[in-house]
Amino acid sequence: MKSEQLQCIDYAIEMTRNKGVPFNTRNAMSAALSQYYFNSNSGGFTKNGNARGYLETLSKNDIEKELLIEIIKKQACATRKGYHQKLSTSKTFDDEDLTIEDTELLLTGIMNQTRMEAVKYLLEKYPKLINQLIDSFVDARYFNESYGMQELDIENPYYQNMIDKIENYYSELKVNEQSKQY
């Protein structure tokens, strides 16, 4: 079952893609989501159907959560379909030539081994990671026929613990932020 946050992202992207070229490209959608994440600028998304309004209900943490969950869903889909997956890397987060696969592999390893605070720290320290996660998210969900929403959103009990860990962490963050406002 899709979260409300993921439904908002999907809706905003699909409505914008429906406008056709030049909006219906991987680069345009990645740039639009990146602009919203880093600058709270939703101008890359259409106003049609209140798509921007749906997106503007999301915080950076909401988007981060969905980007991280997508890594796990992508891994589950690749395993289920027998796609080749990179199993290790000698790269670190400091490497200039870090690929999307490297980023996903390194972040998944950190999520498996430590607390989510370490992942949050890395995302804040290395903004390039967010851009890579956005590119991966947009590509896998909307443009890569090997994955796609229907394949990625299939629940897999094997990977559910990791998804639960991500969701619990970001839920706690939201509660803490809300309690600071009062």
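How each quantity is defined
Residues numbered from 1 in each chain as written. Predicted model: local features only at pLDDT ≥ 70, side-chain atom pairs only at ≥ 80, totals over all residues. Heavy atoms only, no water. Phe/Tyr/Trp six-rings, centres within 6.5 Å; stacked < 30°, edge-to-face > 60°. Buried < 20%, exposed > 50% of the residue type's maximum accessible area, 1.4 Å probe, protein only. Helix = DSSP H or I, 4+ residues; strand = E, 2+ residues; numbered from the N terminus. Lys NZ or Arg CZ within 6 Å of the ring centre and 35° of its normal. Axes fitted to C-alpha atoms, helices over the stretch in contact; angles between N-to-C directions. Parallel < 35°, antiparallel > 145°, perpendicular 65-115°, else oblique. Contact = heavy atoms within 4.5 Å. Nonpolar A, V, L, I, M, F, W, Y, C, P; charged D, E, K, R; others polar. pLDDT = per-residue confidence, 0-100. Core = buried A, V, L, I, M, F, W, Y, C linked by side-chain atoms within 4.5 Å. Expected span 1.5 Å × (residues − 1).

Draft legend 1. Summary view of the packing of aromatic side chains. Per the stated rule, a full pass over the model turns up 7 aromatic pairs. Aromatic side chains Y37 and F38 sit 4.9 Å apart centroid to centroid with 85 degrees between the ring planes, which places their arrangement in the edge-to-face category. With relative accessibility at 32%, the residue F38 sits in the partly exposed group. With a centroid separation of 6.1 Å and an interplanar angle of 25 degrees, the aromatic rings of F93 and Y126 are classed as stacked. In this pair, F93 sits in the loop between α4 (60-81) and α5 (100-113) while Y126 sits in the loop between α6 (116-125) and α7 (127-143), placing the two residues 33 residues apart along the sequence. Here Y126 falls in the buried class, since its relative accessible area comes to 12%. For R17, the ring lying beneath its charged end belongs to F143, and the centroid distance is 4.3 Å.

Draft legend 2. Structural context of unusual backbone geometry. Going from V21 to P22, the amide bond is cis rather than trans, its omega being 5 degrees. Structurally, P22 is set in the loop between α1 (4-17) and α2 (26-39). Of note, the phi angle at S40 is positive, near 55 degrees, even though the residue is not glycine. What makes S40 exposed here is its relative accessible area of 60%. In this model, N50 sits at a positive phi of 60 degrees, which is unusual for a non-glycine residue. Tracing the chain through its elements places N50 in the loop between α2 and α3 (51-55).

Draft legend 3. Fine view of the packing of α6 against helix α9 (residues 157-181). Here α6 crosses α9 at 75 degrees, and the two axes come no closer than 10 Å. With respect to each other, α6 and α9 are oriented roughly perpendicular. Contacts from M116, E117, K120 and L123 of α6 reach α9 at K165, I166, Y169, Y170 and L173. In terms of residue class, the contact of α6 with α9 is made up of 6 nonpolar, no polar and 3 charged.

Draft legend 4. Just the confidence of the model for the chain, in detail. When pLDDT is averaged along the chain, the result is 92; 99% of the residues meet or exceed 70. Mean pLDDT values for the elements of the chain range from 89 in α9 up to 97 in α2.

Draft legend 5. A look at the nonpolar core. Ranked by internal contacts, the top residues of the largest apolar core, which has 46 residues, are L68, M111, L123 and I166. Breaking this core down by element, the ones donating at least two residues are α1, α2, α3, α4, α5, α6, α7 and α9. Filtering out sequence-adjacent residues up to four positions away, L68 remains in contact with L107, M111, M116, V119, L123, L133, I166 and Y170. Core analysis: the second largest hydrophobic core is formed by 5 residues, C77, A78, A140 and L152 among them.

Draft legend 6. Here's a closer look at α7. Taking 1.5 Å per residue as the helical rise, α7 with its 17 residues ought to reach 24 Å, and the 23 Å between its terminal C-alpha atoms agrees with that figure. Most of α7 is tucked away, with 12 of its 17 residues classed as buried. Turning to α7, its buried residues number three or more, namely L129, I130, Q132, L133, I134, S136, F137, V138, D139, A140, R141 and Y142. Considering only its buried residues, α7 is in contact with α1, α2, α4, α5, α6 and α8 (149-152).

Draft legend 7. The arrangement of α4 in detail. In this model, α4 (22 residues) spans 31 Å end to end at C-alpha, consistent with the 32 Å of a helix rising 1.5 Å per residue. Counting buried residues along α4, 17 of its 22 residues qualify, which places the element largely inside the surrounding structure.

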